Amino acid sequence: MCSVALHAADNTSNLSATPTDLEDKFYRQALYFYFAGDYGAALRQISLNRQRKGIDSDRSQLFEAGLQVAIGLHEQATQTLIRFEQNQASTTTHTSKTTSSASPDELLLIALLNLGEQQIEQGDTETAKRTLARISTVLPAYVEQYHVLSQLAYWPDTPPLSAQVQQSTTNTLAPANSAAAYIALNQALLHMQQQEYAKAQPLLMELKTQQWQPPEVNFWQRLFNPFAQPDIFDDNDELRPEVKDALLQQQAINDYAKLLLAQLYVANQQYDLAYTELADFPEQSPYAESALFLFAYSAQQQQQYDMSFNLLSLLQQQYPYSNLAWQAALLTAKQVSEQQSLAQGLTLYQQAEQWYLQKIADIDEFAHTVSTINNVTDLAIQAPKPHSQALTQQSDALALMNTTTFNTDSPWLKKALNDPQLATDYLTLTSLDLLYDNVQKQHINNQWLKDTLVLNTQRQAKVIEQQKQLAYQDIIKSLNTQAQRIAEQIEQAQAQQDGKIFANQRQQQWLNRINDSQKTLGKLAGQRNTDDEQLRLDRIKGVLHWQLQSTFPQRLWQHKQSLKQLSEQLTQLELQAGRFSDLSTNPRLLSDFEQRQQQSQNDINIIGDNISQLRDKTDREIRGKISIFAQQQQYTLQQLLLTTRHQMANVLEQMSNADNGSSPIAPTAPTAPTAPTDDTAAKGVR
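1. Overview of the overall build of the chain
Across its full length, the chain holds 26 helices and 2 strands. For the chain, the residues scored as buried account for 42% of the 686 residues in total. Contacts in the chain between residues far apart in sequence, at least 24 positions, make up 72% of those at least 6 positions apart. As presented, the chain carries roughly 38,100 Å² of accessible surface, and 50% of it is formed by carbon and sulfur atoms.

What follows is the structure, given as structure tokens:
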């Protein structure tokens, strides 16, 4: 399966440069890690290929940028893409090894679009604007994605698109895919904010029933977005979670279009159309809360008071912390006081007053808790992100990807996290904690290196002390003497071919005895006949000579081998003596490693301090944003509480006038609640 995937990836990834067999081998090694889900190992392989093998082709650079975007190294990805873009000028001078399904310009466009998307998700719209501004040409297949990202980056301003791109979406009433649907949805939302309802209505009418097919994506798009085209079914023949999310996203576009259309009808006081539009609104929709309020308000305006009362009561029960539910309490009390009795209306106003007071106390307690808690993440529960199994770090090295998200049991924090910037800050804290854990692992590794250097230093001192007890020069002199003696024996033996040169100790004793006997016989030769003795001595001498000559070749070879071994020992001993001399004259050979270790430790300390400072800063920003959120909620509740008390006063005055027989005074109705607005479409449900 991996080989097939690698082949398919290679067919789509051959750029203009012709890769060598070695380059292709190492590039495929990085691809293997990628398909195995080990993005960290794939990124390290690309880095090693460039540092050790000099492999820095276009496809390797783009592959590296995709991995960096997937992991979250956006700054490094930007630098890699800049280098990739600079190399495009020379691509026309090369020929491709095989026909590629994507040109270098298209691959760069894919990289920039997905990098911009990552920056938008992180809330860094200014950087996303600069990234999108680097795109000079947009191919037809990527027009929708470019438009959506531009809308998200520049919202609510109009993005500076080229004339060709603007023309492609000017009369778009039938989106071809979900990206085009977002363009139309955002355009309709912008028209409504500008009160251009006639322009928004046809777009919404089309969007509320439109269905789309996901566009096909190539290998490089999957690289930058692993969930761009997932397998639909898993091993159990069930829809994968990411596919379910895609279907929910499509349904969310339909639902939001229906909600905006109903809001348009309410703004035009066409309550019957709004009521009809929301009658079949899905209960499980993410916009059910806003739809329920609009539906109840439309029913009330249509004088369907029983329906309106039940819907408003249901809204208060299901969404007790919603601003719409708080307004629903006022609408319910007003309706009852007008349609049933002032006493019942007064009771509901009193209940609403107590409800607001309780919520004000709750938000005060929540704000106090946030301001006094040691760590703001204690209020949140870390849980695996959707699709985190596909991005699980499988390497034993440092974890590079944040695979957790935040959830909480605090209803106020859940409401506060609807702010994308606050949610991004919480994710930033998670990423910083991950980085800090990695830095701590590096600190542990660096401390292990320090301990190893200490042990080596101690071992070095011990070795120096031991080597001082060895007389290297005397040993070398003795070995040289032995080698010289053996060499002379070999040279003499080869010249004379005399086996007596290699006689052993016993044989040498026999030779000495023979010489002594020969001298003795020489002295006795004039005194008596020594022929028999001379004959016996000659026989012994002949036998000994035969023995020495028969073993001469073998002993010559043995002496040569001994000389060779002795020479090798002398060489090793001289090297060891040289190393000891260097060690003795320079006992701080490990000082360079110690300096590097100390520098690494300083860098680790600086990085750790920077992470801690950034985390403290992010923590303070979160506390500040939650404090502002709490003040806004308090202000809203206090305004509703003030309105409730005014209404209670009016009801009491009417009841007093009725008891006194005076003409009733028409109650001052609270300000009609505006239809809910939501910029979810502008932010994109991806």
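2. Re helix 8 (residues 143-154)
The terminal C-alpha atoms of helix 8 lie 16 Å apart, and with 12 residues this matches the ideal 16 Å at 1.5 Å per residue to within 8%. Across the 12 residues that make up helix 8, a large majority, 11, are buried. Those residues of helix 8 that fall on the buried side of the exposure criterion are Val143, Glu144, Tyr146, His147, Val148, Leu149, Ser150, Gln151, Leu152, Ala153 and Tyr154.

3. Description of the packing of helix 14 (residues 271-278) against helix 15 (residues 288-301)
The N-to-C vectors of helix 14 and helix 15 enclose an angle of 140 degrees; their axes lie 9 Å apart at closest approach. Overall, the two elements helix 14 and helix 15 adopt an arrangement that is oblique. In terms of crossing hand, the pair formed by helix 14 and helix 15 is left-handed. Note on element contacts: helix 15 touches helix 14 through Ala291, Leu294, Phe295, Tyr297, Ser298, Ala299 and Gln301, opposite Tyr271, Ala274, Tyr275 and Leu278. Taken together, the residues of the contact of helix 14 with helix 15 sort by class into 9 nonpolar, 2 polar and no charged.

4. Thoughts on the nonpolar core
The biggest cluster of nonpolar side chains holds 107 residues, and the ones touching the most others in it are Leu204, Tyr356 and Phe366. Per-element accounting of this core gives the leading share, 11 residues, to helix 13 (residues 241-267). In contact with Tyr356, other than residues within four places in its own chain, are Trp326, Ala329, Leu330, Leu637, Leu640, Leu641 and Thr644. With 12 residues, the next largest nonpolar core counts Leu479, Phe552, Leu556 and Leu570 among its residues.

5. What about the packing of helix 22 (residues 505-524) against helix 23 (residues 531-550)?
Close contact between helix 22 and helix 23 brings their axes to 11 Å; oriented N to C, the two are set at 155 degrees. Judged by the inter-axis angle, helix 22 sits roughly antiparallel to helix 23. Both helix 22 and helix 23 take part in a crossing whose hand is left-handed. Every residue of helix 23 that contacts helix 22 at Gln507, Trp510, Leu511, Ile514, Ser517, Gln518 and Leu521 is listed here: Glu533, Gln534, Leu537, Ile540, Lys541, Leu544, Gln547 and Leu548. Residues belonging to the contact of helix 22 with helix 23 are distributed by class as follows: 8 nonpolar, 5 polar and 2 charged.

6. Regarding the packing of aromatic side chains
According to the stated counting rule, one finds 11 aromatic pairs in the structure shown. Taken together, a centroid distance of 6.0 Å and an interplanar angle of 80 degrees make the contact between Tyr271 and Tyr297 edge-to-face. With Tyr271 in helix 14 and Tyr297 in helix 15, the pair connects residues that are 26 residues apart, well separated along the chain. For Tyr271, a relative accessible area of 15% translates into the label buried. On the accessibility criterion, Tyr297 (9% relative accessible area) is buried. Put simply, the rings of Tyr34, Phe35, Tyr39 and Phe63 touch in pairs and so form one group of aromatic residues.

7. Focus: helix 16 (residues 305-318)
In this model helix 16 runs 20 Å from its N-terminal to its C-terminal C-alpha over 14 residues, within 8% of the 20 Å that 1.5 Å per residue would give. For helix 16, the complete set of buried residues consists of Ser308, Leu311, Leu312, Ser313 and Leu315. As for helix 16, its buried residues are in contact with helix 15 and helix 17 (323-339).

8. A closer look at the side chain of Asp425
Topologically, Asp425 is positioned in helix 20 (residues 420-468). Judged by relative accessible area, which is 9%, Asp425 ranks as buried. With sequence-adjacent residues up to four places away left out, Asp425 is seen in contact with Thr618, Glu621, Ile622 and Lys625.

9. Some thoughts on the confidence of the model for the chain
Across the chain, the average pLDDT comes to 75, with 73% of residues at or above 70. Element-level pLDDT for the chain is lowest in helix 1 (residues 2-13), with a mean of 38, against a maximum mean of 91 in helix 18 (residues 342-372). Per-residue pLDDT stays below 50 along residues 1-19; that stretch engages in 45 contacts with residues further than four places along the chain or on separate chains.

10. Focus: the pattern of salt bridges
For the structure shown, the criterion picks out 10 salt bridges. In this structure, Lys258 engages Glu277 in a salt bridge whose closest nitrogen and oxygen atoms are separated by 3.3 Å. Here the residue Lys258 occupies a position in helix 13, and Glu277 occupies one in helix 14, the gap between them amounting to 19 residues. Here Arg645 makes a salt bridge to Glu353, at a shortest N to O gap of 2.9 Å. With Arg645 in helix 25 (residues 591-659) and Glu353 in helix 18, the pair connects residues that are 292 residues apart, well separated along the chain. According to the relative accessible area criterion, Arg645 is partly exposed, its value standing at 38%.

11. Brief notes about the environment of Gln601
As for its position among the elements, Gln601 is in helix 25. Among the residues examined, Gln601 registers a relative accessible area of 13% and is labelled buried. In this structure the C-alpha to C-alpha distance between Gln601 and His443, which are 158 residues apart in sequence, comes to 7.0 Å. If we skip the residues at most four places from it in the chain, Gln601 touches His443 and Asn446. In terms of polar contacts, Gln601 uses its side chain to reach the side chain of His443, at 2.9 Å. Within polar-contact distance, the side chain of Gln601 engages the side chain of Asn446 at 2.8 Å.

12. Re the environment of Ala343
Relative to the elements of secondary structure, Ala343 occurs in helix 18. Assessed through its relative accessible area of 44%, Ala343 is described here as partly exposed.

13. Structural notes on unusual backbone geometry
In the Ramachandran plot, Gln195 falls in the positive-phi region, its phi being about 60 degrees despite a non-glycine side chain. On the secondary structure map, Gln195 appears in the loop between helix 10 (178-193) and helix 11 (197-207). Owing to a relative accessible area of 60%, Gln195 belongs among the exposed residues under this scheme. Even without glycine at this site, Gln303 takes up a positive phi of about 65 degrees. The exposure class assigned to Gln303 is exposed, which follows from its relative accessible area of 58%.

14. Points about the environment of Ala296
Looking at the secondary structure, you find Ala296 in helix 15. For the pair Ala296 and Leu331, spaced 35 residues apart in the sequence, the C-alpha separation amounts to 9.7 Å. Other than its neighbours up to four places away in sequence, Ala296 contacts Ser308, Leu311 and Leu312.

Criteria and thresholds
Residues numbered from 1 in each chain as written. Predicted model: local features only at pLDDT ≥ 70, side-chain atom pairs only at ≥ 80, totals over all residues. Heavy atoms only, no water. Helix = DSSP H or I, 4+ residues; strand = E, 2+ residues; numbered from the N terminus. Buried < 20%, exposed > 50% of the residue type's maximum accessible area, 1.4 Å probe, protein only. Contact = heavy atoms within 4.5 Å. Areas by Shrake-Rupley, 256 points an atom, 1.4 Å probe, with all protein chains shown as cover. Expected span 1.5 Å × (residues − 1). Axes fitted to C-alpha atoms, helices over the stretch in contact; angles between N-to-C directions. Parallel < 35°, antiparallel > 145°, perpendicular 65-115°, else oblique. Left-handed = near helix turned anticlockwise from the far one by under 90°. Nonpolar A, V, L, I, M, F, W, Y, C, P; charged D, E, K, R; others polar. Core = buried A, V, L, I, M, F, W, Y, C linked by side-chain atoms within 4.5 Å. Phe/Tyr/Trp six-rings, centres within 6.5 Å; stacked < 30°, edge-to-face > 60°. pLDDT = per-residue confidence, 0-100. Salt bridge = Lys/Arg side-chain N within 4 Å of Asp/Glu carboxyl O. Polar contact = N/O pair within 3.5 Å; in protein donor to acceptor, adjacent residues only side chain to side chain.

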